[in-house]
Amino acid sequence: MEDVKIEAPYDLQVEHYHGNPLAIRTNKPRLSWKYPDHITDSEQVELEISHHMPGQSKTVETVKTEPVNNVLLPWPLDQPLNSREQVKVRVRLTGDEGNFDWSEPLKFEVGILEYWDLLGKFVGPTWFEGRSDHRHLPLVRTEFSLKDQPVYARLYLSALGLVEGNVNGQKIGKDILTPGWTCYDDRLECWTYDLTSTLTAGKNALGFYLGDGWYRGRLGFKGGKVNVYGDKIGVYAQLEIVYADGTTDEIVSNSDDNQWKAVKGPITQSDMCEGESYDAHLEQLGWDKPGFDDSNWSPVAEIPYDKRKMEFPILPPVRANLENKPVSIKKISEKNGKTNWQIDFGQNCTQRIKLHITNAKDGDVIELQHAEVLEKDGRLSTRPLRRGQQIDRYTSNGKQAYFEAKFATHGFRYAEIRGWRGELTADDLQDRVYFSDMEQTGWFESSNQRVNRLNDNALWSMRSNFVSLPTDCPQRDERLGWTGDISLFSPTAAYFYDVEGFLSSWLQDVAHEQKRLGTVPFYVPFIPFAEWTEPQAIAIWGDSAVRVPWFIYMASGDKQLLAKQFPAARAWIDEVKGYLSDDGVWDRRPPYLLGQLGDWLDPSAPADDPVKAMTAKNLVATAFYAKSCDLFVQIAHELHDEDTENKYAKLARHVRIGFQHRFFNDKGIMTSDTQCAYALAITFGLVDDDPELKEFAGHRLALLVRRSHGKVSTGFAGTPYILPALTETGHMQEAYSLFLSDKNPSWMYQVKMGGTTTWERWDSMLPDKSVNPGVMTSFNHYSLGSVADWMHATIGGLTPLTPGWHQFRVAPRPGGKLTSAKAAHTTPYGKAAVQWSLENGELSIRVTVPYGTSAQLDIPGYDTIILTDGVHNETFNYQS
């Protein structure tokens, strides 16, 4: 009898990194892997771990563990790793029968764990910079000699500002906007690059472009602010070399060895929102190669920064992950041999154009302007961009060239290229889509193409705004990490992508700002602007301290992450507890201009006063606080903190009872008789202890939805919950009727109007195709795209029941004439998938359950079926 062939485990990961990371920030990392097939009770897992310091001999150790330990297995060796240690791990199954192949190896390295091993200094230009804006940006370079070809070379790179590096004329890595935006007063990321293959024996050169970025560039709206973190920019570089004979070299940035020099480069100004200007006359050929004459360059100056604040990132870098092709190129005007062109790239997102310039004459200025939509007359709609006009300019020296901005990004679908000689073709344009390089984990598709487009719109808005941190919009003069947006969208985000590293990084800054300011601010990192100058505790936005960690935990099952955020979550709950009235209602008005934001952007609110919602602000605030209390109790339970769990369970009950007594009358009508009010009460479990009241609330909500005649009546607070509330109370017809309506305002209205992303306002574009007159109008905000969470759970039928998807629910609820759908999510254990079709009253379902999980198949009228790992096909009689 032949042995059974067993496929090897796959997708080895260290912590929440994907691929083979070069500098993790812990010396006792956890390991994870997945299985393609069922594992029998007789099988075990063997890990082979090879580790060594650069240039030294390898130590190979083997460890055995049970198959169920494949998610976040604690570091299995007795000794922790050292800084810079290189590790290779592979995994295989062992047992009584079968051939067992090794997995593909996982390779990773440990970063520099002790700050005193960071040997370089931040260095930048010495010349006087009198301007606060549009400063001429520097180049920084150095040359060095190596005695031999290295067998190991790592560059540790960071900047005060932004940096892009070259070595021997080649770009270093694929990243942009390095080192990213963090609370620079607390922490600064240091990125690592492998230069082994690009360095040679003999002379070598490093060259760096520097940009203002978030560090000293103008940030924010209503004029913005400059020099928020400092007024001098500089690069940090530490290059570590190991030769074949075991000897080493170090090249570090400094101002004292006369080897590091600076000059004004070809980027004459760069602003994250306004755009970038480049003058090719100022290029210096070969400046980033050895042998260049830099005798007229200036020495660099050291810029003080506390290196104890430097750390290695847990989030992925910002990279070009996709490309968009032009769907139309249209000539607008022509004068003096130059033509202005308008290009439609078909998709609104964060992207940059790489322009191949072939026919320009010396002195020609080619201008690229970017916008999300067109005005009724066909012009670019630039009014919503406010200060952030998104204009890049290239001044030609008459030579053929490629131009792409380095330190600006743009949110756009349309662009105009002005001052172009000759014809403009698609071959002259490369349009690259940039976002943090996360791994996609969620997919959805249905028989309704509008529904699919809506899901894609939410996905594209997430991509557009997950750029170093979760921003609100990628196009206008704002682009801040608003805590309210991600507070609502985090379950959807955690379905679409593996966001554990990305959002955990941002949560470090949330905790820092919360401690510094005494509350969770409106956005993180926090910079005071206009009416937002004095941070105050407001619901939804502040609740992100509890909600975002919980939803990451539900996706990942990572208790270590949850424990790290536990103090910040507790601080939020304790702060708001002090603002409650005796009956548990949060009705203390925050002492600043707008007070609570409530159901922000309720469609009934005036265009220029989005805070005027139909639902009482204290009702919204109390509902969200009650939910946060419940989540915090669950967090304490997961962390086995019984005393905290019991203490805050009493608080949660007090708030819940207060909510019922204050906001329901004796007939069951809510004081705010709105869709938002009932949706929150139902979805947040605030009427679960009174079945009659909950049933009445469900009927009342359904009635209000029918009365709205297909128009959405909720804003920021209510939108994620109105369809789940209707679903929970059995009103599927009303849910699908509202969901599929294309009346203004509605989700499908945005699709009908040609939206390729989620809009900030329900009617960012009016039915006559004019742009909403409000001063705050964006066509790329992900918040209203939180409806995708309902789509995945209810149409697709896929949602987690326990942390890490150890148990998940399969409960599709077909309706609205949809005849099929499929949803899939890569869980920590493998891909969970649902595919269903409905024909002649027969519902056919195919469910894929990965090893290590189980699924509850829940179809109305039938007993729940528990599914274990494998592929299952079931058929039911079903009337939608």
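Please refer to the structure placed before this passage.
Residues numbered from 1 in each chain as written. Predicted model: local features only at pLDDT ≥ 70, side-chain atom pairs only at ≥ 80, totals over all residues. Heavy atoms only, no water.

## Focus: the nonpolar core
What counts, and what does not: Nonpolar core, defined: a set of buried Ala, Val, Leu, Ile, Met, Phe, Trp, Tyr and Cys residues in which side-chain atoms within 4.5 Å join the residues together. Each residue's exposure class comes from its accessible area (1.4 Å probe, protein chains only) as a fraction of the maximum for that residue type: buried when under 20%, exposed when over 50%, partly exposed otherwise. Any two residues whose heavy atoms approach within 4.5 Å are treated as being in contact.
Formed by 240 residues in total, the largest nonpolar core has its most connected members in F739 and I795. Contacts of F739, omitting those with residues within four sequence positions, involve V451, L454, L723, W747, M748, V787, W790, M791 and I795. Among the nonpolar cores identified, the runner-up in size contains 27 residues, and L12, Y35, L81 and L106 belong to it.

## Looking at the sheet that holds strand 6 (residues 86–94)
Note the following rule: Strands were regarded as paired on the criterion that DSSP finds at least two bridges between them. Secondary structure elements are defined from DSSP: runs of H or I of at least 4 residues count as helices, runs of E of at least 2 residues count as strands, and each element is numbered from the N terminus. Angular values range over 0 to 180 degrees, each being the angle between N-to-C directions of two axes fitted as lines to C-alpha atoms, with helices fitted over their stretch in contact.
If you trace the four strands from one edge of the open sheet to the other, you get 5-4-6-8, paired in antiparallel fashion. Two strands in the sheet have a free side with no partner beyond their single neighbour: strand 5 (59–65) and strand 8 (106–109). Looking at each pair of strands side by side, their axes are set apart by 20° on average, direction ignored. Summarising the sheet, strand 4 (residues 44–52) and strand 6 pair through nine bridges and their orientation is antiparallel. In the sheet register, I49 faces strand 6, and the bridge partner there is V89.

## Focus: the sheet that holds strand 12 (residues 162–167)
Backbone hydrogen bonds hold the strands of a sheet together, and the pairing may be parallel or antiparallel. Judged by pairing direction, the sheet is antiparallel, and its six strands sit side by side in the order 13-12-16-10-19-22 without closing on themselves. At either end of the open sheet lies a strand with only one pairing partner, and these are strand 13 (170–171) and strand 22 (298–299). Across two bridges, the pairing between strand 12 and strand 13 is antiparallel. By the bridge assignment for strand 13, N166 is matched with K171.

## Section: helix 11 (residues 719–728)
Extensive coverage of helix 11 is indicated by the burial of seven of its 10 residues. Within the sequence span of helix 11, burial applies to T719, P720, Y721, I722, L723, A725 and L726. G730, located one to two residues past helix 11, shows a positive phi value of around 85°.

## Structural notes on the pairing of strand 17 (residues 234–242)
Across the nine residues that make up strand 17, a large majority, nine, are buried. The alternating pattern of strand 17 places G234, Y236, Q238, E240 and V242 and V235, A237, L239 and I241 on opposite faces, both of which are buried. Where strand 17 meets strand 18 (residues 248–252), five bridges bridge the pair, whose relative direction is antiparallel. Paired with E240 across the two strands is E250, which belongs to strand 18. In textbook terms, the turn of a hairpin is the stretch between consecutive antiparallel strands, and for strand 17 and strand 18 this stretch comprises five residues, one of which, G246, has a positive phi near 90°.

## Some thoughts on the environment of Y402
Considering the arrangement of structural elements, one finds Y402 in strand 30 (residues 401–403). Residue classification places Y402 among the exposed positions, given a relative accessible area of 53%. Sequence separation between Y402 and Y495 is 93 residues, and the spatial gap between their C-alpha atoms is 38 Å.

## Details of the packing of aromatic side chains
Formally: Stacked, edge-to-face and tilted are the three classes for Phe, Tyr and Trp ring pairs, Trp counted by its six-membered ring, which pair at centre distances within 6.5 Å; planes under 30 degrees apart are stacked, over 60 edge-to-face, the rest tilted.
For the structure shown, the criterion picks out 50 aromatic pairs. Each ring, one from F624 and one from F684, has its centre 5.0 Å from the other, and the planes form 80°; the classification is edge-to-face. Placement of the pair is F624 in helix 7 (residues 617–638) and F684 in the loop between helix 9 (675–683) and helix 10 (691–707), with a sequence separation of 60 residues. F684 matches F624 in its accessibility class, with the two residues each being buried. Aromatic side chains F739 and W747 sit 6.2 Å apart centroid to centroid with 50° between the ring planes, which places their arrangement in the tilted category.

## Remarks on helix 9
Counting buried residues along helix 9, eight of its nine residues qualify, which places the element largely inside the surrounding structure. Those residues of helix 9 that are buried are in contact with helix 7, helix 8 (642–663), helix 10, helix 11 and helix 12 (732–740). Once helix 9 ends, the next one or two residues include G685, with phi positive near 70°.

## Regarding the pairing of strand 32 (residues 429–436)
Burial analysis of strand 32 places six of its eight residues in the buried class, which makes it a mostly covered element. Sheet topology note: the strand 25 (residues 318–324)/strand 32 ladder contains six bridges and is antiparallel. Its bridge partner being in strand 32, L322 is matched across the sheet by V433. With five bridges connecting them, strand 27 (residues 338–357) and strand 32 associate as antiparallel partners. Bridge pairing in strand 32 links L355 to L429.

## Concerning unusual backbone geometry
Of note, the amide linkage connecting T178 to P179 takes the cis form, showing an omega dihedral of 10°. By the element assignment, P179 lies in the loop between strand 13 and strand 14 (188–189). With an omega of 5°, the peptide bond between N744 and P745 qualifies as cis. Counting through the fold element by element, P745 comes out in the loop between helix 12 and helix 13 (747–752). Unusually for a residue other than glycine, L177 sits at a positive phi of about 55°. As for its placement among the helices and strands, L177 is situated in the loop between strand 13 and strand 14. The exposure class of L177 is buried, given its relative accessible area of 3%.

## Some remarks on the environment of K694
For K694, the position within the fold is in helix 10. Residue K694 is classed as buried on the basis of its relative accessible area, which comes to 18%. For the pair K694 and A681, spaced 13 residues apart in the sequence, the C-alpha separation amounts to 8.4 Å. For K694, the contacting residues outside a window of four places in its chain are I682, V687, D688, E728 and T729.

## Quick look at the state of the cysteines
Keep this limit in mind: Disulfides are defined as cysteine sulfur pairs within 2.5 Å.
Evaluation of the coordinates by the stated rule reveals zero disulfides. A disulfide-free cysteine, C190 has its sulfur positioned 18 Å from the sulfur of C183, the nearest such atom. Cysteine C273 shares no disulfide, and the gap to the nearest cysteine sulfur, in C473, comes to 8.3 Å. What makes C273 buried here is its relative accessible area of 4%.

## Quick notes on the packing of helix 2 (residues 449–465) against helix 3 (residues 483–496)
For the record, the criterion: We call two directions roughly parallel when the angle between them is under 35 degrees, roughly antiparallel when it is over 145, roughly perpendicular when it lies between 65 and 115, and oblique otherwise.
Two elements in contact, helix 2 and helix 3, have axes separated by 11 Å at closest approach and are oriented at 95°. With respect to helix 3, the element helix 2 is oriented roughly perpendicular. Together, N455, A458, L459 and M462 of helix 2 and F489, A493 and F496 of helix 3 make up the contact between the two elements.

## Some points on empty space enclosed by the protein
Convention followed: In this analysis the probe radius is 1.4 Å and the grid spacing 1 Å, with only protein atoms considered; a cavity is a set of points the probe fits into but cannot get out of, a pocket is an open set with protein on both sides within 12 Å along at least five of seven lines, and lining residues have an atom within 4 Å of a point. Grid points are joined across faces, edges and corners, and a volume is the space filled by probe spheres set on the points. When residues are sorted by character, Ala, Val, Leu, Ile, Met, Phe, Trp, Tyr, Cys and Pro go into the nonpolar class, Asp, Glu, Lys and Arg into the charged class, and all the rest, Gly among them, into the polar class.
The final tally for this structure, using the stated rule, is seven cavities of 30 Å³ or more. Approximately 250 Å³ is the volume found for the largest cavity. For the largest cavity, the lining is made up of 22 residues, of which Q13, K34, D498, T827 and P828 are closest to its centre. Tallied by class, residues from the lining of the largest cavity come to seven nonpolar, nine polar and six charged. In this model, the second largest cavity occupies a volume close to 200 Å³. If you trace the second largest cavity, you find 19 residues lining it, with W214, M272, T409, T471 and R479 closest to the centre. Within the lining of the second largest cavity, the residues separate by chemical class into 11 nonpolar, five polar and three charged.

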